[in-house]
Amino acid sequence: MNKMNIFVGGKWQPGRGKEIESRFPGDNHLVATLNSASLEDVEDAVIAADVAWRKPSWRNLPPHQRAAILYKASTLIDEKCEELARLQTLDNGKPWAEARGLVMSAASTARYFAAVCEVSGGELPPRRHPDLMTISTYQPIGVIAAITPWNSPIASDMQKIAPALAAGNAVILKPAEATPLMALKLAEIFEQAGLPSGLLSVLPGKGSVVGDALVRHPLVRKISFTGGTNTGRQLAHIAADKLITTSLELGGKSPTIVLADADLDLAAHGVCYGIFSSMGQACIAGSRVFVARDIYDAFMEKLTCLTEKLIIGDPRQEHVHIGPLISPAHRQSVQSYVDLAIQEGGAIRLGGKVPADPALQEGNYFCPTIIEGLSNHARACQEEIFGPVLVVIPFDNESELIQEANNSVYGLAAGIWTRDYSRAFQLADALEAGTVWINTYKVFSISTPFGGFKESGLGREKGLESLKAYMQQKSLFLAINPQPNRWCE
Ligand code: NAD
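Residues numbered from 1 in each chain as written. Predicted model: local features only at pLDDT ≥ 70, side-chain atom pairs only at ≥ 80, totals over all residues. Heavy atoms only, no water.

1. What to know about the overall build of the protein chain
Definition in use: The secondary structure listing takes helices from DSSP runs of H or I that are at least 4 residues long and strands from runs of E that are at least 2 residues long, numbered from the N terminus. Radius of gyration: over C-alpha atoms. The globule rule applied is 2.2 Å multiplied by the number of residues raised to the 0.38 power. Only protein chains enter the calculation, and the probe is 1.4 Å; a residue is then buried if its accessible area is under 20% of its type maximum, exposed if over 50%, and partly exposed in between. Contact criterion: two residues are considered in contact whenever any of their non-hydrogen atoms come within 4.5 Å of each other.
Of regular secondary structure, the protein chain possesses 15 helices and 21 strands. The C-alpha radius of gyration computed for the protein chain amounts to 24 Å, which stays within 12% of the reference 23 Å derived for 489 residues, consistent with globular compactness. Expressed along its principal axes, the backbone C-alpha trace of the protein chain runs to roughly 85 × 60 × 40 Å. Here the protein chain holds 489 residues, and the buried ones make up 56% of them. Long-range contacts, defined as pairs at least 24 residues apart, comprise 73% of the intrachain contacts of the protein chain with a sequence gap of at least 6.

Printed below as a string of structure tokens:
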């Protein structure tokens, strides 16, 4: 198998770092090998990026022409949708139908930021003096380090590349070590779309080596990170030392609430999708469910019945709901959390183990798992498992419920199932979460800001304002009727 090249400062070349592999989590066969970026590659990419974003041909390019490159990239992604979805499935095991959805969302993200950059402008603050006018403009920041996790690469990569380029910056993308393929493909697409050389580099490799060198580089002026809370905290320290801005999209342990008046069928379908799609490897997975005691048995029966019907299998097949976890080590970590939950007094209602199907033994599969009988203080209810594991907790009254739902270091998302929208609004208001879904779950809109409360993150991605997170504001003062300032006379 030929080794793949990486993309450094506009050049496709072998990485000069350690060898890394992409393996298909469905059977762990080798999909690709490549050498990761070295520290020299980081240096070359940053220098090239710093030269590229300062070039007048990019700095003075009118926004609609930057937008044209993003529109072209989105068209290419649409055209290659099937190929990209298959690649995504091979790289991280996401069921093909979900992978296709992510590819389409990446194309929309590019289109959205193209449109936003075409129409975004500066501001004319109200005048405070007849002889003075002020203008507030927005300028690019410079070289952006974008660091992404393995669970939804094409979507999280594009959520950083598109606004950063639309705002006139250069971007260096460091994808997760396990999933470099989609990021490299995106580099190819932007090259074909006509992005000038040096404005995008893709540096696969270990976070503690390549990622660390990248964010510490003096010419890197912003860190845009999606990943675990512990890593995010480390990066925030580095950013604080350098006095640069960060945006951090971090972990979650999102509560979902099923009130007694909920449409149980709707709620059971939503809860099932909210936790088990992407095998629970989603920051917004609805992994803690609080159910009103009056309807607990009826709801659990429906949820269990639906979950039992989920098809576990090769994610390359169209009808499969549950593919493999990213790696054998991650499956072991999920299994350890299930074992811990049992030690903490939990009872397994469903799953809790590796599927018995002989055809699945080479892959990292784990059965969708439902655990009951735990208190919200248990570690399995507080820590992010990042797998297909749902804990279900009955509740008796709403004030306790709010306290328990908010009793988490995280605050990424929450779900509410009820027919009473007035109660839903009151609950949504009280929940400490950046996103609250009411009678739906895990649906997104690129025009709606997304991000976390508490240890789930800092800053917002998506939405009109998120373009400005990749820009810095500059104020101009214009004398309308210039007069000498005679204070020294
Ligand atoms: P991770 O934090 O281990 O790694 C994320 C990225 O950071 C990878 O590219 C990794 O190589 C890099 N990295 C790791 N250590 C680094 C360091 N010291 N310096 C610089 N870079 C470093 O996370 P993961 O296991 O890849 O992803 C899962 C996590 O991501 C979960 O916690 C999940 O909730 C979170 N996530 C959050 C969102 C969101 O939008 N809030 C979306 C997806 C995933």
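2. Notes on the layout of surface pockets
This is how it is decided: Buriedness of a pocket was judged along seven lines, with at least five required to meet protein on both sides within 12 Å; pockets are open sets of points on a 1 Å grid over the protein atoms alone, cavities are sets where a 1.4 Å probe fits but cannot get out, and lining residues have an atom within 4 Å of a point. Grid points are joined across faces, edges and corners, and a volume is the space filled by probe spheres set on the points. In the scheme used here, Gly and all other residues not listed as nonpolar or charged are polar, with Ala, Val, Leu, Ile, Met, Phe, Trp, Tyr, Cys and Pro taken as nonpolar and Asp, Glu, Lys and Arg as charged.
If you add up the space inside the second largest pocket, you get close to 310 Å³. Lining the second largest pocket are 19 residues; nearest its centre among them are Pro63, Arg66, Tyr138, Gln139 and Met471. Mapped by element, the contributors of at least two residues to the lining of the second largest pocket are helix H2 (56-59), helix H3 (63-79) and strand E5 (132-140). By residue class, the composition of the lining of the second largest pocket is ten nonpolar, seven polar and two charged.

3. With respect to the site of the ligand
Condition: Throughout, the term near means that a residue has one or more heavy atoms lying within 4 Å of the molecule or strand in question. Residues adjacent in sequence count toward polar contacts only when both atoms are side-chain atoms; beyond that, a polar contact is any pair of N or O atoms within 3.5 Å, and within protein one must be able to donate a hydrogen and the other to accept it. Areas reported as accessible are Shrake-Rupley estimates using a 1.4 Å probe. Residue values count occlusion only from the protein chains shown.
Looking at the ligand, there are 27 residues lining it, with Thr148, Lys174, Thr231, Leu250 and Glu384 nearest. Within the contact set of the ligand, an oxygen atom lies 3.2 Å away from a side-chain nitrogen or oxygen of Trp150. For the ligand, whose free accessible area comes to 850 Å², the fraction covered by protein is 85%. For the shell around the ligand, the secondary structure elements donating two or more residues are helix H8 (207-216), strand E9 (220-226) and helix H9 (229-242). At four residues, H8 tops the list of elements feeding residues into the shell around the ligand.

4. Comments concerning helix H12 (residues 328-343)
The criterion, for reference: Expected span, for any helix, means 1.5 Å times one less than how many residues it has.
Along its 16 residues, H12 runs 23 Å from first to last C-alpha, staying within 8% of the 22 Å computed at 1.5 Å per residue. Along H12, the residues classified as buried are His330, Arg331, Val334, Gln335, Tyr337, Val338, Leu340 and Ala341. In the stretch just after H12, Gly345 is the one whose phi turns positive, near 105°.

5. What about unusual backbone geometry?
The phi dihedral of Met279 is positive, around 55°, even though this residue is not glycine. For Met279, the position within the fold is in the loop between helix H10 (264-276) and strand E12 (288-292). Assessed through its relative accessible area of 1%, Met279 is described here as buried. For Lys442, which is not glycine, the phi torsion reads 55° and is therefore positive. Among the secondary structure elements, Lys442 is positioned in the loop between strand E18 (435-438) and strand E19 (453-454). Overall, Lys442 belongs to the buried group, its relative accessible area being 10%.

6. Quick word on the domain arrangement of the protein chain
By a widespread convention, an interface's size corresponds to the accessible area lost as its parts come together. Applied cut-off: As used throughout, domain bounds are those supplied by an automatic or database domain assignment. What counts as buried area is the accessible surface, traced by a 1.4 Å probe, that two parts surrender upon association, with contributions from both included. The salt bridge criterion pairs a side-chain nitrogen of Lys or Arg with a carboxyl oxygen of Asp or Glu, the two atoms within 4 Å.
Domain boundaries assigned for the protein chain yield domain 1 (6-250 + 456-475) and domain 2 (255-438). Centre-to-centre separation of domain 1 and domain 2, based on C-alpha positions: 31 Å. Opposite the 25 residues of domain 1 that make contact, domain 2 presents 27 residues. Note on domain 1 versus domain 2: buried area summed over both sides is about 2,000 Å², and carbon and sulfur give 54% of it. Taken as a group, Pro95, Trp150 and Ser456 account for 26% of the area that domain 1 buries against domain 2, more than any other trio of residues on that side. Scanning the region where domain 1 abuts domain 2 turns up one salt bridge.

7. Structural notes on helix H14 (residues 398-406)
Which entries qualify depends on this criterion: Picture the helix axis, draw a direction to every C-beta atom, and the arc is the one those directions span.
Those residues of H14 that sit buried are Leu401, Ala405 and Asn406. All buried residues of H14 fall inside an arc of 120° around its axis, so they share one side. Residues Ser399 and Gln403 are exposed on H14 and point more than 90 degrees away from its buried face. Next to the buried residues of H14 lie strand E11 (255-258), E12, strand E15 (389-395), helix H15 (421-430) and E19.

8. Section: the pattern of salt bridges
For the structure on display, the rule yields 22 salt bridges. When the shortest N-O distance is used, the salt bridge between Asp41 and Arg16 registers 2.7 Å. With a gap of 25 residues between them, Asp41 in helix H1 (residues 39-54) and Arg16 in the loop between strand E2 (11-13) and strand E3 (19-23) connect regions that are remote in the sequence. Taking the relative accessible area as the measure of exposure, Asp41 reaches 0% and is therefore buried. When its relative accessible area of 44% is taken as the criterion, Arg16 is described as partly exposed. The salt bridge partner of Arg486 is Glu489, with a shortest N-O separation of 2.8 Å. Linked through salt bridges whose partners overlap, the residues forming this network are Arg16, Asp41 and Asp44.

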